[in-house]
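# Fold and contact review
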Amino acid sequence: MKLNERSLAFYATCDSPADNAGFLYKRGERHTAYHRRWFVLKGNMLFYFEERESREPVGVIVLEGCTVELCDSAEEFAFAIRFGGAKSRTYMLAAESQAAMESWVKSLSRASFDYLRLVVRELEKQLEEMRWGLAGGCGGCRGSPSPWKPKPSGPAQSPERLPALPTVLPKENGCAVWNNAPGVDQPPDSSSCGGHDSEGNPRPPPLPPRRRASSSEAGSAGVATAASPSTFNRLHEQYGREVARLRQDWLERRLGARP
Amino acid sequence: MRYNERELLSLARQPAEKAAEVLMRVPKKGSVLKKRLVKLVVNFLFYFRTDEAEPIGALLLEQCRVTKEEENVFSISFIEEPERKYCFECDSEEQCREWIEALKRASYEFMRRSLIFYRNEIQKMTGKDPLEQYGISEEARFQLGTRK
């Protein structure tokens, strides 16, 4: 499978912020020797370089769908990146200190696009609820929200017309309803990926991609929204438990290792 | 560059945010538009021959630019090589617009900026940091004002 390797290498080395960077020991695939490599985590991509100054990564690990675990290993501060498939390779890594190991385990276990998307959706929902609450209370002083789609359709859900409705209403048609009133701080323009939308308007907050498929019809059941908070909570709990368990393991190990 | 192909292939098989049959042209000399199935999964755009289960290739959608070209056509290029364009011809202007919207928002970096924006907004409105309850408020990658 072809990959846009040149762009990947650029992404790895450009000045976009890294989520973590440092030396780690990586065990080779066939041989059990560990090699010291410079690792850079950006988003859900873990790049590794032969040297810190290398212009191009030796390789990259796409982290989507992985789990991160502490290891029972002769190697100190070891941890593993595991994937679900039957024949998937497990990447054995080791940090140079306890602190570094913890930091890497934490950032890697939360590096997936899926996880970030859940957090973003959750915050979007919170903000939406707050804005609806506010708008209902002050009779439309924030202007009328419009459905956030490239092509506006469906009934306008302006708070001036529906002040008494519960805040759950805009979610029932499965569509996140956004306030595009001027003066409201605009969310990030996707400027690194082009400028304005097709109408030349500044960009309103993004609608989570997956939800869009079910949101084009006004009045369609908002089942997706009901699932979202519990899915988020479940996943977050899962990650949280995992990190807590890793910490516990480490603590026990540490205490056990003391004379 | 080495990469974990098995996992990438597995990702390509997952349900897509968006998928369609379009005409695609890669930025190679002499290449022509070919019918492809394109599939957007997280921040990757996979492209397949229409009758094959395994993708021909994948584009990581970071540091890229999505541009409307002529009618029904958009392109993806990467900022370090803006003239090298992957072109996609859709069935309609509407489909074209929808893809542009979706692709512009498909990057991890865009989502991160959105998160920072929402966090900031909520904090302004409530005085509280919404990330605290999730235990991720200290993470450097979500800090306000540290990103361009």
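Residues numbered from 1 in each chain as written. Chains lettered and ligands numbered in written order. Predicted model: local features only at pLDDT ≥ 70, side-chain atom pairs only at ≥ 80, totals over all residues. Heavy atoms only, no water.

## Some points on the sheet that holds strand S6 (residues 67-70) of chain A
Counted only if it meets this: Pairing between strands requires that DSSP locate at least two bridges from one strand to the other. Runs of H or I in DSSP of at least four residues are treated as helices and runs of E of at least two as strands, each being numbered from the N terminus.
Across the sheet, eight strands lie side by side as S6(A)-S7(A)-S8(A)-S2(A)-S3(A)-S4(A)-S5(A)-S1(B); this open sheet has mixed pairing. A strand with exactly one partner marks an edge of an open sheet, and here the two such strands are S6 of chain A together with strand S1 (2-3) of chain B. Of the strand pairs in this sheet, strand S3 (residues 34-42) of chain A and strand S4 (residues 45-49) of chain A are connected by five bridges, and their pairing is antiparallel. The residue of S4 of chain A that forms the bridge with Val40 of chain A is Phe47 of chain A.

## Considerations on the pairing of strand S7 (residues 73-78) of chain B
Residues and elements named next belong to chain B. Defined as follows: Only protein chains enter the accessibility calculation, which uses a 1.4 Å probe; a residue is then buried when its area is under 20% of its type maximum, exposed when over 50%, and partly exposed in between.
Most of S7 sits out of view: six of its six residues are buried. Across the two faces of S7 the burial is the same, with Val73, Ser75 and Ser77 and Phe74, Ile76 and Phe78 all buried. Two elements, strand S6 (residues 64-68) and S7, share five bridges in a ladder whose sense is antiparallel. When the sheet's bridge partners are listed, Lys68 is paired in S7 with Phe74. As consecutive antiparallel partners, S6 and S7 are separated by four residues, and within that stretch Asn72 has a phi angle of approximately 70°, a positive value. The turn linking S7 back onto strand S8 (residues 81-89) is made up of two residues.

## Looking at the packing of aromatic side chains
Threshold: Pairing of aromatic rings covers Phe, Tyr and the six-membered ring of Trp, with a centre-to-centre limit of 6.5 Å; geometry is then stacked below 30 degrees between planes, edge-to-face above 60, and tilted otherwise. Whether a charge lies above a ring is judged from NZ of Lys or CZ of Arg, which has to be within 6 Å of the ring centre and within 35 degrees of the ring normal.
All told, the structure shown has 10 aromatic pairs over all chains when counted by the stated rule. With a centroid separation of 5.0 Å and 15° between ring planes, the pair formed by Phe74 of chain B and Phe88 of chain B is classed as stacked. Note that Phe74 of chain B is positioned in strand S7 and Phe88 of chain B in strand S8, a separation of 14 residues in sequence. Between Phe78 of chain B and Tyr86 of chain B the ring centres are 6.2 Å apart and the planes differ by 90°, which places this aromatic pair in the edge-to-face class. Residue Tyr86 of chain B is classed as buried on the basis of its relative accessible area, which comes to 8%. Among the aromatic residues, those joined into a cluster by ring pairs are Phe39, Tyr48 and Trp104 of chain A. The ring centre of Tyr11 of chain A lies 5.6 Å from the NZ or CZ of Lys42 of chain A, which sits over that ring.

## Notes on the pattern of salt bridges
A side chain with one charge may pair with a side chain of the opposite charge, provided their charged atoms come close. For the record, the criterion: Salt bridges are defined as contacts in which a side-chain nitrogen from Lys or Arg sits within 4 Å of a carboxyl oxygen from Asp or Glu.
In the structure shown here, the tally under the stated rule is 18 salt bridges over all chains. Across the pair Lys35 of chain B and Glu21 of chain B runs a salt bridge whose closest N-O atoms are separated by 3.5 Å. Here Glu21 of chain B lies in strand S2 (residues 18-25) and Lys35 of chain B lies in strand S3 (residues 34-41), a separation of 14 residues in the sequence. Residue Glu21 of chain B is classed as partly exposed on the basis of its relative accessible area of 40%. The shortest N-O distance in the salt bridge between Arg49 of chain B and Glu52 of chain B comes to 3.2 Å. Classification of Arg49 of chain B as partly exposed rests on a relative accessible area of 37%. A relative accessible area of 36% means that Glu52 of chain B is categorised as partly exposed. Each member of the salt-bridge network shares a partner with another, and the members are Arg6 of chain A together with Glu81 and Arg84 of chain B.

## Let's talk about the side chain of Asp129 of chain B
Residues and elements named next belong to chain B. Test applied: In protein, a polar contact requires one atom able to donate a hydrogen and another able to accept it; more generally it is a pair of N or O atoms within 3.5 Å, and residues adjacent in sequence count only if both atoms are side-chain atoms. We call two residues contacting when some pair of their heavy atoms lies within 4.5 Å.
Mapped onto the secondary structure, Asp129 falls in the segment after helix H3 (108-126). Of note is the side chain of Asp129, whose polar atom sits 2.9 Å from the backbone nitrogen of Leu131. If we skip the residues at most four places from it in the chain, Asp129 touches Arg119, Gln123 and Ser137.

## Observations regarding the nonpolar core
The test is simple: Here, nonpolar core means buried Ala, Val, Leu, Ile, Met, Phe, Trp, Tyr and Cys residues that are tied together by side-chain atoms lying within 4.5 Å of each other.
With 42 residues, the main nonpolar core has Met45 and Phe47 of chain A together with Leu8, Phe44, Phe46, Leu115 and Leu131 of chain B as its most contacted residues. Ranked by the residues each element gives to this core, the list is headed by helix H3 (residues 113-137) of chain A, at eight residues. For Met45 of chain A, the residues in contact, after removing those within four places along its chain, are Leu8, Tyr11, Val40, Val60, Ile61, Val62 and Leu63 of chain A together with Phe44 and Leu60 of chain B.

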